[in-house]
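Chain and residue survey
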Amino acid sequence: DAGVTQSPTHLIKTRGQQVTLRCSPKSGHDTVSWYQQALGQGPQFIFQYYEEEERQRGNFPDRFSGHQFPNYSSELNVNALLLGDSALYLCASSLVSGDSYEQYFGPGTRLTVT
Amino acid sequence: EDKVVQSPLSLVVHEGDTVTLNCSYEVTNFRSLLWYKQEKKAPTFLFMLTSSGIEKKSGRLSSILDKKELFSILNITATQTGDSAVYLCAVRFSGTYKYIFGTGTRLKVLA
């Protein structure tokens, strides 16, 4: 049973550039959440996708956008990169049914902006 | 604003010791709490606690939830060097799908 996968593993970009990160959820999961984790901090919620729609968004600017495909995989796009966008980007997959749900993380993409 | 606070920030123990990690939250209308272990990269799921499941145990790890006092603890008995990691807790409240994470407790277990 494949777990959550993310690509690429590492990425180095220059300020002002754009980046796309990819995530495939765990088999049987239909919901993908994206988190940003800065060094020494807990993950911060960016947004969640369900049924190809952004269901909820955290406190991130519009430069952060996403997409979910019919096979439940997802992309995170960041435009006009800033130095402060350097972080570990984590994708979490879940099956949201009922009142509570577990979420499982992928290995993450380490983004460095220079 | 909803907030999750973990303590201590870091902890150094010797193999065989028992540790207790704390997670308190100021969240209205609590729904669920997750515990994770993070070593190099991705957080690994440990437990989910809810109103209907306030106590969980797996091997040397156990966790309880006190909904009245708004906190959870994670206990690790007979610690091993492989338990060295950052332990994260995350809380979700009613009316939202997002989990709010604490900053984590960094545990180091010495041989």
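The coordinates are above.
How each quantity is defined
Residues numbered from 1 in each chain as written. Chains lettered and ligands numbered in written order. Predicted model: local features only at pLDDT ≥ 70, side-chain atom pairs only at ≥ 80, totals over all residues. Heavy atoms only, no water. Helix = DSSP H or I, 4+ residues; strand = E, 2+ residues; numbered from the N terminus. Buried < 20%, exposed > 50% of the residue type's maximum accessible area, 1.4 Å probe, protein only. Contact = heavy atoms within 4.5 Å. Areas by Shrake-Rupley, 256 points an atom, 1.4 Å probe, with all protein chains shown as cover. Lys, Arg positive; Asp, Glu negative; His and termini not counted. Charge placed at Lys NZ, Arg CZ, Asp CG, Glu CD. Buried area = accessible area lost by both parts, 1.4 Å probe. Salt bridge = Lys/Arg side-chain N within 4 Å of Asp/Glu carboxyl O. Polar contact = N/O pair within 3.5 Å; in protein donor to acceptor, adjacent residues only side chain to side chain. Nonpolar A, V, L, I, M, F, W, Y, C, P; charged D, E, K, R; others polar.

Once that is clear, we can look at the overall build of chain A. When you go through chain A residue by residue, the secondary structure sums to 0 helices and 11 strands. Order of helices (α) and strands (β) in chain A, N terminus to C terminus: β-β-β-β-β-β-β-β-β-β-β. Each principal axis of the C-alpha atoms in chain A carries an extent, and together these give about 40 × 30 × 25 Å. Expressed as a percentage of its 114 residues, the buried residues of chain A come to 48%. In chain A, once contacts between residues fewer than 6 apart in sequence are set aside, the share between residues at least 24 apart is 53%. Summed over its atoms, the accessible surface of chain A is roughly 5300 Å², and 47% of this surface lies on carbon and sulfur atoms. When the 8 basic and 11 acidic side-chain charges of chain A are each reduced to a single mean position, those positions are 13 Å apart.

Now for the interface of chain B and chain A. The partner chain A presents 25 residues to the 20 residues of chain B that form the contact. Buried area between chain B and chain A, both sides added, is near 2000 Å², and the carbon and sulfur share of it is 56%. Summed over the shared surface of chain B and chain A, the result is 0 salt bridges. The tally of links from chain B across to chain A stands at 7 residue pairs in polar contact (both at pLDDT 80 or more). Elements represented by at least two residues in the side of chain B that touches chain A include exactly β4 (30–38), β5 (43–50) and β9 (85–93) of chain B. The residue inventory of the side of chain B that touches chain A, partitioned by class, reads 10 nonpolar, 6 polar and 4 charged.

Keep in mind these values describe shape, not function.
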